[in-house]
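Summary of structural features
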Amino acid sequence: MYDGILNQLFHMGHYVFAFWLLLILVPKFIFSPSSPDKLERIVSNAMRMTFLYIVIAYVLVVTKLFEVLSILAVLTFLILRSYVLPKHRSKRGDALTELGAKFYDFLEIAFRMKLGWKYLRGKRVFTDKRVRLPKTTFTAAAAGVLTIAVFGMSGFVRLYDAFTSAAPSMSDGAVILAWTKYISMRELFHDGVYPQGMFIMMSYLQKFAAINAIYVLKYTGGVNTLLIVFGLYFMISRLTGGRWAALAGAAAYGLAGTALHGGDWERQAATIPQEYALLFLLPTLYFFFRYFENGSKHALWAGAAGCAVMGLSHTIAFAYGGLGLGILMLLGLTAGEEGRRRFWTGAIAGVACVIVSIVPLAYGLIIGKSFHGSSSSFLAETAKIDPPPLNGWDYAGLACIAALALWSLVAPRGERRVYRFATLFGLACFMLYAYGGPVSQSVVLATRSESVWTVATCLAFGIVWYAVWKAVLPDEGRIAAAVHVVSCAAIVGGLGFAGGLKPIIPYKMMWDSSATQYVSIAKRHLPMTWVVYSQSEGYSLTYGTGVHDYIGTLIKDFDPRKFPLTRTDETEPDGNIAYHIYIIEEKQVYRHDPRLSIYNALAPEYERKEREYRELRQWLALYQEYNGDLKTFYEDDVIKVHYIFRGTDQEANDELIWAKPEFSELLDNLLQ
């Protein structure tokens with residue numbers, strides 16, 4: 001079953017491995033160390049590597065070479081380039097020595113894990129003396145526990161639906177699943193021109209995890225927004241040096257629920273391009289901040305890579321990244337001659353990111369594709385919009401911004417840049433949220449600006465937390481440490497348990513049991529040896545592994561009184577149809593909650609389905625009467641899956657051999 005513990009451990013394990021391999025391990029071999037801060041190095045490498053992956057994928061998809069072996073060949077070249085290409089013999093020798101050191105360091109992972117386990121058990125290691133664990137202070141232990149609590153609870157509410165429900169979330173889910181599969185099948189802009197960044201990265205994860213794409217879709221949504229939580233922790237902790245402030249800001253975003261996020265809360269568990277792009281927003285601005293502060297070229301490249309990834313993934317998030325960069329550039333103008341020079345460098349980086357973001361879209365238009373219809377319509381849609389009502393978190397965010405504005409005037413000179421940036425960025429995000437839609441009458445700005453305002457609110461909240469406690473408790477000591485622990489634990493516990501840790505359950509477009517059956521059917525057969533007749537929601541779940549057709553086609557084009565499946569105007573069965581035929585009948589048509597705006601828009605579709613299923617039952621009755629071999633593959637209270645096998649016994653036995661798990665897995669890997 002999809003929600004089985006072992007099944008989820010297996011697929012999540014594959015997903016985590018692919019994520020670690022692609023974004024943590026491989027970048028270590030490609031990029032030189034960029035910072036003494038290990039976490040900063042990991043984030044920088046992941047951002048730069050993501051940009052490289054997207055560029056590589058565009059080239060390989062266009063050339064029809066987007067396969068695992070091709071990707072590995074490119075990565076191998078990138079890894080070896082800096083170790084083999086230097087012309088000077090001594091430099092090449094040093095580089096090869098460094099590569100060997102990295103390789104052996106990697107091989108020692110298993111040894112270090114074993115050594116760590118022995119540390120925990122107090123076993124002897126190398127000597128006759130018992131190894132003792134290093135002493136851990138109360139503050140460090142409490143920080144570790146609270147960090148686990150923040151990310152554990154934030155992950156639970158976001159990933160619960162992914163572990164328990166196979167149905168794609170929200171109306172975008174099926175489309176995003178299909179677009180990810182199109183990239184895997186080397187099809188670019190199948191449904192129109194649209195930034196492909198997220199779909200490309202999901203395709204990478206699916207190829208290297210070697211699991212059904214539905215698992216990648218479901219996991220990625222919660223992981224994306226959990227990484228936004230991490231982005232808040234990362235930026236606040238690195239800008240201020242205060243881990244407690246970082247935990248407070250991360251906890252606010254991760255656990256405040258609808259009180260902070262409003263109607264966007266369910267988006268936190270759905271896989272959506274805007275949320276994917278937003279996970280790069282704060283790390284990007286952090287690295288740009290460091291560049292304008294100290295001129296670090298590594299920080300500039302990391303910031304530019306993150307900004308480009310946002311542009312290659314979602315236009316609105318990219319615009320906010322440009323907004324943050326613009327604020328940093330203006331602040332740079334006040335920093336003397338060096339600041340003015342960095343202003344122009346930042347401007348060049350911003351223009352370069354815009355060009356990089358436009359190039360794939362321009363290519364799509366050149367090859368004859370048009371912009372994706374519904375997305376371009378939504379982007380241009382206007383309406384009379386009233387200012388949004390403000391809630392408690394909105395006022396808290398404004399209060400934090402006002403406090404930061406005051407601190408930026410009286411704080412030590414070295415800290416003013418942080419307070420000024422947070423003030424201006426937060427104020428700009430609020431103005432766009434509160435007045436951007438009403439003034440411009442833009443529907444997309446009115447509905448999508450709230451997501452960024454919540455991020456800016458939590459950023460301001462975390463930095464104010466740091467400033468307040470620094471003013472109240474300037475000296476670090478036991479009393480200060482205890483106060484920090486208690487206050488941070490209170491905010492984490494209060495936010496976590498105020499909402500009862502209720503998981504986020506986004507609305508779906510189909511019955512969960514129906515989606516589960518697609519996954520089950522795909523595991524039973526070799527690719528493209530089965531066909532499903534269902535509604536349009538099943539297309540993306542079937543694409544790439546089986547064949548999908550519509551209930552209406554089955555009813556109108558095939559005669560149930562003839563041998564399966566024979567077209568109405570033919571005497572012989574259609575030889576193009578797979579041997580294994582599944583028909584998914586909804587005994588109760590899936591309908592959304594009437595309170596959702598989507599309900600009225602889909603009302604005619606509900607009626608069409610009701611009518612079609614009545615005709616299907618008549619068709620099935622006739623088929624049963626004349627053929628008599630209709631089997632039930634699955635049935636529950638809301639759906640019934642009918643099964644027809646139209647091959648011979650020998651063909652069935654041959655497929656059973658090749659469809660055994662070991663053969664099926666081997667073939668799947670070869671086809672990736």
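The model shown is predicted, which means the values in this text are computed figures rather than measured ones.

1. Thoughts on the overall build of the protein
- Across its full length, the protein holds 27 helices and five strands.
- Per-residue burial over the protein gives 51% buried out of 672 residues.
- The long-range share in the protein, meaning contacts at least 24 apart out of those at least 6 apart in sequence, stands at 74%.
- Surface exposure of the protein reaches about 31,400 Å², of which carbon and sulfur atoms provide 64%.

2. Focus on helix α19 (residues 416–440)
- By the largest-angle criterion, Ala 434 marks the main kink of α19, which is about 40°, and a proline, Pro 438, follows within four residues.
- Gln 441 sits one or two positions beyond α19 and adopts a positive phi of about 60°.

3. Here's the deal with empty space enclosed by the protein
- In the structure shown here, the tally under the stated rule is five cavities of 30 Å³ or more.
- Approximately 110 Å³ is the volume found for the largest cavity.
- Lining the largest cavity are 14 residues; nearest its centre among them are Met 510, Ser 514, Gln 535, Glu 537 and Glu 586.
- The set of elements that each furnish at least two residues to the lining of the largest cavity consists of α22 (512–524), β3 (580–586) and α25 (597–626).
- In terms of residue class, the lining of the largest cavity is made up of seven nonpolar, four polar and three charged.
- Computed from the structure, the second largest cavity encloses a volume of approximately 50 Å³.

4. Some thoughts on unusual backbone geometry
- Of the consecutive residues Pro 564 and Leu 565, the connecting peptide bond is found in the cis state with omega at -25°.
- The phi torsion at Arg 186 lies on the positive side, around 65°, for a residue other than glycine.
- Counting through the fold element by element, Arg 186 comes out in the loop between α7 (173–184) and α8 (197–209).
- Although it is not a glycine, Phe 189 sits at a positive phi angle of roughly 55°.
- Following the sequence through the fold, Phe 189 ends up in the loop between α7 and α8.

5. Re the sheet that holds strand β1 (residues 530–534)
- Within the open sheet, the five strands sit side by side as β2-β1-β3-β5-β4. Their pairing is mixed. Both edges of this open sheet fall to β2 (547–550) and β4 (631–635), since each of them pairs with a single strand only. For this sheet, the mean inter-axis angle between neighbouring strands, taken without regard to orientation, is 25°.
- Where β4 lies against strand β5 (residues 639–645), four bridges are found, and the strand directions are antiparallel. Looking at β5, one finds that Glu 635 is bridged to Lys 640.
- Each of β3 and β5 touches α25; the most contacted strand, β3, lies at about 135° to it.

6. Some remarks on helix α13 (residues 281–294)
- Relative to the 20 Å expected for 14 residues at 1.5 Å per residue, α13 spans 20 Å between its end C-alpha atoms, a close match to the ideal helical length.
- Of all 14 residues that make up α13, twelve are buried, and the element is covered over most of its length.
- Restricting attention to buried positions, one finds in α13 the residues Leu 281, Leu 282, Pro 283, Thr 284, Leu 285, Tyr 286, Phe 287, Phe 288, Phe 289, Arg 290, Tyr 291 and Phe 292.
- Just beyond α13, the residue with positive phi is Gly 295, at close to 75°.

7. With respect to the confidence of the model for the protein
- Across the protein, the average pLDDT comes to 88, with 88% of residues at 70 or higher.
- Confidence over residues 124–131 falls short of pLDDT 50; this stretch has twelve contacts with residues more than four positions distant or in other chains.
- Contacts of residues 656–664 to residues separated by more than four positions or lying in other chains number seven contacts, the stretch itself having pLDDT below 50.

8. A word on the side chain of His 548
- In this structure, His 548 sits in strand β2.
- A polar atom in the side chain of His 548 sits 2.9 Å from the side chain of Ser 534.
- In this structure the side chain of His 548 is engaged in a polar contact, spanning 3.0 Å, whose partner is the backbone oxygen of Gln 535.
- Ignoring sequence-local partners within four residues, the contact set of His 548 consists of Val 532, Ser 534, Gln 535, Ser 536, Gly 538, Tyr 539 and Thr 542.

9. Things to note about the packing of α7 against helix α9 (residues 213–240)
- Relative to each other, α7 and α9 sit at 125°, their axes nearing to 10 Å. As summarised for this structure, α7 and α9 are arranged oblique, according to the angle between their axes. For the pair α7 and α9, the sense of crossing is right-handed. Where α7 approaches α9, its residues Gly 173, Ile 176, Leu 177 and Lys 181 are matched on the opposing element by Ala 213, Ile 214 and Leu 217.
- Looking at side-chain class alone, the contact of α7 with α9 contains five nonpolar, one polar and one charged residues.

10. Concerning a nonpolar patch on the surface
- Taken together, the side chains of Val 62, Tyr 363, Ile 366 and Ile 367 present a nonpolar region at the surface, about 360 Å² in accessible area.
- Here Tyr 363 is to be found in helix α16 (residues 336–366).

11. Some details on the packing of aromatic side chains
- Under the counting rule described, the total for this entry stands at 36 aromatic pairs.
- Centre to centre, the rings of Phe 66 and Tyr 204 are 5.3 Å apart; their planes meet at 90°, and the pair counts as edge-to-face. Taken together, the residues span a long stretch of sequence, with Phe 66 in the loop between α2 (38–62) and α3 (68–84) and Tyr 204 in helix α8 at a distance of 138 residues. Each member of the pair, Phe 66 as well as Tyr 204, carries the same accessibility label: buried.
- Here the aromatic residues Tyr 2, Tyr 15, Phe 163, Tyr 215 and Tyr 219 are joined through ring pairs into a cluster of three or more.
- For Arg 48, the ring lying beneath its charged end belongs to Phe 31, and the centroid distance is 4.3 Å.

The rules behind each value
Residues numbered from 1 in each chain as written. Predicted model: local features only at pLDDT ≥ 70, side-chain atom pairs only at ≥ 80, totals over all residues. Heavy atoms only, no water. Helix = DSSP H or I, 4+ residues; strand = E, 2+ residues; numbered from the N terminus. Buried < 20%, exposed > 50% of the residue type's maximum accessible area, 1.4 Å probe, protein only. Contact = heavy atoms within 4.5 Å. Areas by Shrake-Rupley, 256 points an atom, 1.4 Å probe, with all protein chains shown as cover. Bend = angle between axes of the 7 residues up to and from the residue. 1 Å grid on protein atoms, 1.4 Å probe; cavity = no way out; pocket = protein on both sides within 12 Å on 5 of 7 lines; lining within 4 Å. Points joined across faces, edges and corners; volume = space filled by probe spheres on them. Nonpolar A, V, L, I, M, F, W, Y, C, P; charged D, E, K, R; others polar. Pairing = 2+ DSSP bridges. Axes fitted to C-alpha atoms, helices over the stretch in contact; angles between N-to-C directions. Expected span 1.5 Å × (residues − 1). pLDDT = per-residue confidence, 0-100. Polar contact = N/O pair within 3.5 Å; in protein donor to acceptor, adjacent residues only side chain to side chain. Parallel < 35°, antiparallel > 145°, perpendicular 65-115°, else oblique. Left-handed = near helix turned anticlockwise from the far one by under 90°. Patch = residues over 30% accessible without salt bridge, like charges linked within 9 Å, V, L, I, M, F, W, Y side chains within 5 Å. Salt bridge = Lys/Arg side-chain N within 4 Å of Asp/Glu carboxyl O. Phe/Tyr/Trp six-rings, centres within 6.5 Å; stacked < 30°, edge-to-face > 60°. Lys NZ or Arg CZ within 6 Å of the ring centre and 35° of its normal.

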